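# Chains, contacts and geometry: an overview
Below, each chain spelled out in residue letters.
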Amino acid sequence: MQTPVDVAIVGSGFGGSVAALRAVQKGHRVVVLEEGRRWRPQDFPRSNWDVRRFLWAPGLGCRGIQRIRMFRHFMGLAGAGVGGGSLVYAATLLAPPPGFFTDPSWAHLDPDWAATLAPHYDTARRMLGVAPTPRLGIGDLLLKDYAASIGRGDAFRATEVGIFFGEPGVEVPDPYFGGEGPNRTGCDFTGACMVGCRSGAKNSLDRNYLHLAERRGVTIEADTRVTGLVPDGSGGWWVHGRTWRPGRGNEPRTWSARRVVVAAGTLGTVELLLHCREQGWLPGLSPRIGERVRTNSEVIVGARSTRREDRFCEGIAIASQAQVSEETCIEVVRYPEGSDVMGFLGSVLTDGGRGRPLRFLATCLARPLEALRIAWVPGWARRSVILLVMQSVDNQLRLRLERSRLRPWTRRLVSDAPRALPTCIPEANAAARAIARAIGGIPQGAWSEVLLNRPLTAHVLGGCPMGGGVEEGVVDRAGRVFGHEGLYVCDGSIVPANLGVNPSLTITALAEHVMEAFPEA
């Protein structure tokens, strides 16, 4: 049985949520198809040791909010659930540096992208409730001191975030949308943004765009994975999927839509479109699909204290940043006390270059106690200063489908790297070592970077590049897929370059730009 709609949206993250609200405001009947589950604040795990509610691994019975995918050239983190990445992101909403708007990859499509997108950045800030961070933690002050020590003290600042800073624990009527939004509760500064905000203070998408969209009649189908997009021969689309039912497994379903917006996040969107092309459903899809994928040039390092009394876990997830060079931004990251699972990704800090794994082993043998302390995960969140380091330096990946070795009847998404990704950023290691000295601790890196030469990133971008035609890009400047009328892409996969800052605000602004040109019903 086919369910008829005007617009089917694949994914409910920043792009999909914007698309849902703006499409229904233009008079369309809209359905949002989201693979993850729906969450209430009280449903989130109390710590990420509750892996069934934290990690996304349906085959193992885990239907949480945090996806982790390993590729040949990087390890990618993403969100799952109604609200997408906003459920697990740090709520950091920053504008990119000016160079982003003049990057050669898209500058020829608009003579002044900064001016074109400026009103959409304003809308995104208003909708996401952007506010300055009112409180810094110990780790933030350590970053401030480090920035001053290298002559960059003026480049340290508190972040702007999408969090309601009312009275902690006190529920008040909607402060953002004239009473149309849900009641809100003030932030408790426990650092739980990336485990799931149980206080309800984080302005995740289910509390703004999606909430308002549902009030206007949008249907959200949670636990639904889209498996195919097929032209119906009359200018519309059949959208095939499977909805997971507890105790009953996956139920096949089909929607009939006049238009489809793909907003499944970079990895999900590219994988779905590649699959549809291989099946012969999207024969006109650009050969550029899967190209110009970027990781925001990120690495994660930090410092682990050896003192039991140290507490670096108090505050919001990311409260400060420092621009330590023209192209390098460092942010202090925190998890709530007891949420130590991500500590399993940590390792002894080792500089890059040839023979890095051997130097890592030599460091472990020379300082075995330090290696053991890093490997001992309990207490990691409380006693670690975590540093997320991002650069606007260009690098590129290519994503494609390949036959799985373990399950040869299936195809899996894999990566190629025409331009090598950074797996060691000298500015990052210098900051980690300086902060480790300041706290009398141990500098640490990520084992995926040290041993496997694969950077860890939460911000995979690109793969559906904009272009002036099908040979240059997958979509035009309004997100319309070349060669397939009524098909749009509206998520991080259309971001054209590394931003060097958290990309959520930019993805939201680009989605607003795409939906501004979306036709009325």
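So, here is what we can say about the structure in this document. (Residues numbered from 1 in each chain as written. Predicted model: local features only at pLDDT ≥ 70, side-chain atom pairs only at ≥ 80, totals over all residues. Heavy atoms only, no water.)

### Quick look at the overall build of the chain
- The number of helices and strands found in the chain is 12 helices and 27 strands.
- In terms of overall size, the chain behaves like a compact globule, its C-alpha atoms giving a radius of gyration of 22 Å where 521 residues would be expected to give roughly 24 Å.
- Projected onto its principal axes, the C-alpha positions of the chain cover 70 × 55 × 55 Å.
- Counting the 521 residues in the chain, one finds 60% classified as buried. (Helix = DSSP H or I, 4+ residues; strand = E, 2+ residues; numbered from the N terminus. Rg over C-alpha atoms; globule rule 2.2 N^0.38 Å. Buried < 20%, exposed > 50% of the residue type's maximum accessible area, 1.4 Å probe, protein only.)

### Let's talk about the sheet that holds strand β25 (residues 456–457)
- Reading across from one edge, β5-β6-β25 is the order of the 3 strands in this open sheet, with mixed pairing throughout. If you trace the sheet from one side to the other, it starts and ends with β5 (66–70) and β25, each paired once.
- Pairing analysis gives 5 bridges linking β5 to strand β6 (residues 75–79), with the strands arranged antiparallel. What sits directly across from R67, in β6, is A78. (Pairing = 2+ DSSP bridges.)

### Here we look at helix α10 (residues 426–439)
- When the terminal C-alpha atoms of α10 are compared, their 20 Å separation across 14 residues agrees well with the 20 Å that a helix rising 1.5 Å per residue should span.
- Buried residues belonging to α10 abut α4 (138–149), β17 (299–304), β19 (328–333), β21 (384–391) and β24 (442–446).
- Of the residues trailing α10, G440 is marked for its positive phi of about 65°. (Expected span 1.5 Å × (residues − 1). Contact = heavy atoms within 4.5 Å.)

### A closer look at the pattern of salt bridges
- Following the criterion strictly, the structure yields 33 salt bridges and no others.
- For D43, the salt bridge is made with R40, and the minimal N-O distance between the two is 3.0 Å.
- Judged by relative accessible area, which is 48%, R40 ranks as partly exposed.
- Among the ionic pairs, E314 bridges to R311, the shortest N-O distance being 3.0 Å.
- Owing to a relative accessible area of 46%, E314 belongs among the partly exposed residues under this scheme.
- Among the charged side chains, a network of salt bridges with common partners joins R72, R398, R400, E402, R412 and D416. (Salt bridge = Lys/Arg side-chain N within 4 Å of Asp/Glu carboxyl O.)

### A short note on the nonpolar core
- Counting residues in hydrophobic clusters, the biggest one holds 123 residues, and the most contacted among them are W106, L229, V260 and L273.
- Apart from the residues within four sequence positions on either side, L229 is in contact with W237, W238, V239, V260, V262, L272, L273, C276, W281, L282 and L487.
- Judged by nonpolar contacts, the second largest core, of 25 residues, contains L143, A322, L349 and I439. (Core = buried A, V, L, I, M, F, W, Y, C linked by side-chain atoms within 4.5 Å.)

### Observations concerning helix α1 (residues 14–25)
- The end-to-end C-alpha separation of α1 is 17 Å, in line with the 16 Å expected for 12 residues at 1.5 Å each.
- Of all 12 residues making up α1, 11 are buried, and the element is well covered by its neighbours.
- When α1 is considered as a whole, its buried residues turn out to be F14, G15, G16, S17, V18, A19, A20, L21, R22, A23 and V24.
- Close packing links the buried residues of α1 with β1 (2–10), β2 (30–33), α3 (113–128), α5 (209–215), β15 (249–262) and α12 (504–516).

### Focus: the packing of aromatic side chains
- Counted under the stated rule, the structure contains 13 aromatic pairs.
- Ring geometry for Y335 versus W380: centroids 5.9 Å apart, planes at 45°, classification tilted. Placement of the pair is Y335 in the loop between β19 and β20 (346–348) and W380 in helix α9 (residues 380–383), with a sequence separation of 45 residues.
- Among the residues examined, Y335 registers a relative accessible area of 8% and is labelled buried.
- Classification of W380 as buried rests on a relative accessible area of 6%.
- Among the aromatic residues, those joined into a ring-pair cluster are F100, F101, W106, W113 and Y121.
- The ring of W39 is capped by R37, whose NZ or CZ atom sits 3.9 Å from the centre of that ring.
- Between R63 and the ring centre of W244, over which it is positioned, the NZ or CZ distance is 4.1 Å. (Phe/Tyr/Trp six-rings, centres within 6.5 Å; stacked < 30°, edge-to-face > 60°. Lys NZ or Arg CZ within 6 Å of the ring centre and 35° of its normal.)

Keep in mind these values describe shape, not function.
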